Amino acid sequence: MSRSAYQRTSDGVTAHPWRTISALVALAMLVLVLAWDWNWFKRPIERQVEARTGREFRIGGDLDVELGWAPLIRAEAVRLGNAEWARQPTMASVDRLELRLALGPLFGGELRIPELRLSRPRLSLETGPDGGGNWEFGSDDEEGGTRLGRVWIGDGQLHFLDAANGTRIAVALASRPPERAGGAPPVALAGGGQWRGSDFRIEGRAESPLELQHSQRPFRIDLQATAGSTRAHARGSLVDPLRLRDFDLQLALAGEDMADLYPLIGIATPPTPPYSLAGRFTRDDSTWHYENFTGEVGDSDLAGDASVDTAGERPYLRAELVSSRLDFDDLAGFIGGGPAADEDSPGSSAGVIPDTPYRLEKLRNMDADVRLRAERIDAPRWPINDMDAHLLLEGGVLRLDPLDFGIAEGQVRSTIRMDARENTIGTRADIAARSLDLSHLLPEVELAQNAVGKVSGDVSLTGSGNSLAQMLGSSDGDVAFGMGRGRISNLLMEVAGLDLAEIIKFTLTEDRQIPVRCAFGDFAVENGVMTARALAFDSSDTILVGEGEINLREETLDLLIRPRPKDRSLLSLRAPLVIDGTFSDPDIRPDLARVGLRGAIALTLGSIAPPAALLATLELGPGEDSGCGGKYAE
């Protein structure tokens, strides 16, 4: 440059200094804008996040900002590290993150993000060895000076792991349009995994994930889940959902067998037929409540309230249950049977007494106080009217006190104790039957429909075994029953006495009732075998005297009933009745050998002199009264 040109430039700068400074600033800004790279701020941002969370934070892709009153910030390949104890190194990642930042609230010290969009986010939640979770970052300031407006999730995935309880969940997440203008977009989810070791599937909708940052605010959900044949539908709100601390849900449960709930929730129930229930599901502190539920179990209706307290050594179930109509078949699991037993399974049997083993761990792993009242029982083949059962289970000892049934217009009151603390259950049963109506006890016996009489009895048994069949098959004790005065069909007694002439007469004419003086049965029970000490039925027409055994272990009958008609009859055979066979297929028949012998004698006499043949079958006198007595004959 020539000296004259340099002098002119120098003079210009001296004469117009502000123009020169402005030009230099403009030039610098132009250079800065042309060379500006927002990635320069990646590392400072990473350090700030790491300082706040204690976790590694990286922005692996580009960082970009669109300036304005609400700048739009974009970041790609963002990753947040996991807790040191976690199984996976990454807790959260997102392919692309977009957020708008409100500048005005920043001057007041508030960070406000009106909108956050996440593309392909991945979130891995895990419970730790101390019971906490990897979502805890030390400081828990809920207000925190940060406010989020809307979150939109595209193609997200959430994983939850609770290894200690055998729970693994993986669900796909995607935002859906909000129900109202300006509202936070809800999230649709679908997935599954394992809950307490059992496979399950889940789908439904939940409130915006933004609400998860406020552990004290209700988080609304509408979810459906299936685990095997068990189905659940929950609608309502959760508080601190990651911990299931408190919630208020309408919960519908359905399945093939309530026993399937045991591996899912740790609460044992007897096997049941298919069920469907709906009620209010809540939690406060350590107690879970299922309130005002109604529904059906098999052909029975069921309603009531139940709660489970998890604060103690074992879960404690408390329930008050009511059934206005209970189908007796639905109680099969309660006494050791199954709702649909497979004949080839180890717990099935061709016998009448259920032999499905009780599961000892169910009796030991929880406590219970359950009351069930059935206002009416449908049992077409049994004269059962109603039931009141109170079950107490504590430390492996189960008591049914009382277990009462209304039967045949009378009452059967029972107390049962089962001790499952040892590997073989020890059981004691005390049963008192009072004032059972004779006609109602024999509903399918036509000749007993108009019978009059009250039957009472006592049963006291002790036994051991892990099924009802084993308990009765090993039992010792006493069984006694009896009836005082009453009336019964004369034809029925003539049939029992094999009085053919009287049978023909009352068949062709009209039956009538005859007085019953008393009836009595007294059995000693040893190692599952009931042996008759005394067995008698005394009417004005016939005395029946019995002897023999009932084998509870083999489920067989071996009884001999000797009729002694009190009237004279030419055709009275006076043959004993044999009652044998099995409980499922009993057989009642006369002693044909003895009948045949008398018939042979009669034929022989008849071949000699007919009058003598008639005399050989005459009843020469009435039998003596049986020795009934004691409290049952009063």
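Model, not experiment: these values are computed from the prediction.

In terms of helices and strands, the protein carries 11 helices and 34 strands. Residues classed as buried in the protein amount to 41% of the 634 residues present. Contacts spanning at least 24 positions in sequence make up 49% of the contacts within the protein whose residues lie at least 6 apart. Surface accessibility of the protein: about 34800 Å² in total, with carbon and sulfur atoms responsible for 56%.

Pairing between strand β15 (residues 275-284) and strand β16 (residues 287-297): 9 bridges, direction antiparallel. Bridge assignment links R280 to a residue of β16, and that residue is E291.

Another point: the packing of aromatic side chains. The full count for this structure, using the stated rule, is 6 aromatic pairs. Judged by centre distance (5.6 Å) and plane angle (35 degrees), the ring pair of W38 and F41 falls under tilted. Aromatic ring contacts, followed pair by pair, group F281, W288, Y290 and F293 into a single cluster. Above the plane of the ring of Y316 lies R318, whose end atom (NZ or CZ) is 3.8 Å from the centre.

With that settled, consider the pattern of salt bridges. Summed over all chains, the structure comprises 31 salt bridges. Where R74 meets D64, a salt bridge forms, and the shortest distance between an N and an O atom there is 3.9 Å. Of this pair, R74 sits in strand β3 (residues 72-81) while D64 sits in strand β2 (residues 63-66); the two residues are 10 residues apart in sequence, bridging distant segments of the chain. With relative accessibility at 17%, the residue R74 sits in the buried group. When the shortest N-O distance is used, the salt bridge between R421 and D419 registers 2.7 Å.

Among the nonpolar cores identified, the biggest contains 107 residues, and L317, I377, M387 and I425 are the most heavily contacted of them. If sequence neighbours within four positions are ignored, L317 has contacts with I267, A306, S307, V308, M366, D367, A368, D369 and V370.

Here the focus is the environment of D404. Structurally, D404 can be placed in strand β23 (residues 397-407). We classify D404 as buried; its relative accessible area is 10%. C-alpha separation for the pair D404 and M387, spaced 17 residues apart in sequence, amounts to 5.6 Å. Apart from residues lying up to four places away in sequence, D404 is in contact with D386, M387, D388, V412, R413 and S414.

Confidence in the prediction of the protein, expressed as mean pLDDT, is 76, and 71% of residues score 70 or more. This stretch, residues 140-144, has a pLDDT under 50; its non-local contacts, to residues over four places away or in other chains, come to 3 contacts. The low-confidence segment residues 490-511 (pLDDT under 50) makes 51 contacts with residues lying over four places distant or belonging to another chain.

Here we take up helix α3 (residues 42-53). Spanning 12 residues, α3 covers 16 Å between terminal C-alpha atoms, matching the ideal 16 Å at 1.5 Å per step. Among all positions in α3, only K42, E46 and E50 are buried. Angularly, the buried residues of α3 cover 65 degrees about the axis, an arc narrow enough to put them on a single face. Along α3, exposed side chains directed more than 90 degrees from the buried face belong to Q48, A51 and R52. Those residues of α3 that are buried are in contact with β1 (57-59) and β2. Immediately downstream of α3, the backbone of G54 shows phi near 75 degrees, a positive value.

This next bit is on unusual backbone geometry. In this structure, the amide linkage connecting D401 to the following residue, P402, adopts the cis form with an omega of 5 degrees. Within the fold, P402 resides in strand β23. With a phi close to 55 degrees, D155 is a non-glycine residue in the positive phi region. Position of D155 relative to the elements: it lies in the loop between β7 (146-154) and β8 (156-162). Taking the relative accessible area as the measure of exposure, D155 reaches 42% and is therefore partly exposed.

This part takes up the environment of A83. Among the secondary structure elements, A83 is positioned in the loop between β3 and β4 (90-102). Look at A83 and you get buried, because its relative accessible area is 12%. Between the C-alpha atom of A83 and that of E136, which follows or precedes it by 53 residues, the distance is 9.0 Å. Other than its neighbours up to four places away in sequence, A83 contacts R55 and N134.

Take D301: it is sitting in strand β17 (residues 300-309). For D301, the side chain forms a polar contact with the side chain of S324, separated by 2.8 Å. Separated by 2.9 Å, the side chain of D301 and the backbone nitrogen of R325 make a polar contact. Apart from the residues within four sequence positions on either side, D301 is in contact with G295, E296, V322, S323, S324 and R325.

What counts and what doesn't
- Residues numbered from 1 in each chain as written.
- Predicted model: local features only at pLDDT ≥ 70, side-chain atom pairs only at ≥ 80, totals over all residues.
- Heavy atoms only, no water.
- Helix = DSSP H or I, 4+ residues; strand = E, 2+ residues; numbered from the N terminus.
- Buried < 20%, exposed > 50% of the residue type's maximum accessible area, 1.4 Å probe, protein only.
- Contact = heavy atoms within 4.5 Å.
- Areas by Shrake-Rupley, 256 points an atom, 1.4 Å probe, with all protein chains shown as cover.
- Pairing = 2+ DSSP bridges.
- Phe/Tyr/Trp six-rings, centres within 6.5 Å; stacked < 30°, edge-to-face > 60°.
- Lys NZ or Arg CZ within 6 Å of the ring centre and 35° of its normal.
- Salt bridge = Lys/Arg side-chain N within 4 Å of Asp/Glu carboxyl O.
- Core = buried A, V, L, I, M, F, W, Y, C linked by side-chain atoms within 4.5 Å.
- pLDDT = per-residue confidence, 0-100.
- Expected span 1.5 Å × (residues − 1).
- Arc of directions from axis to C-beta.
- Polar contact = N/O pair within 3.5 Å; in protein donor to acceptor, adjacent residues only side chain to side chain.

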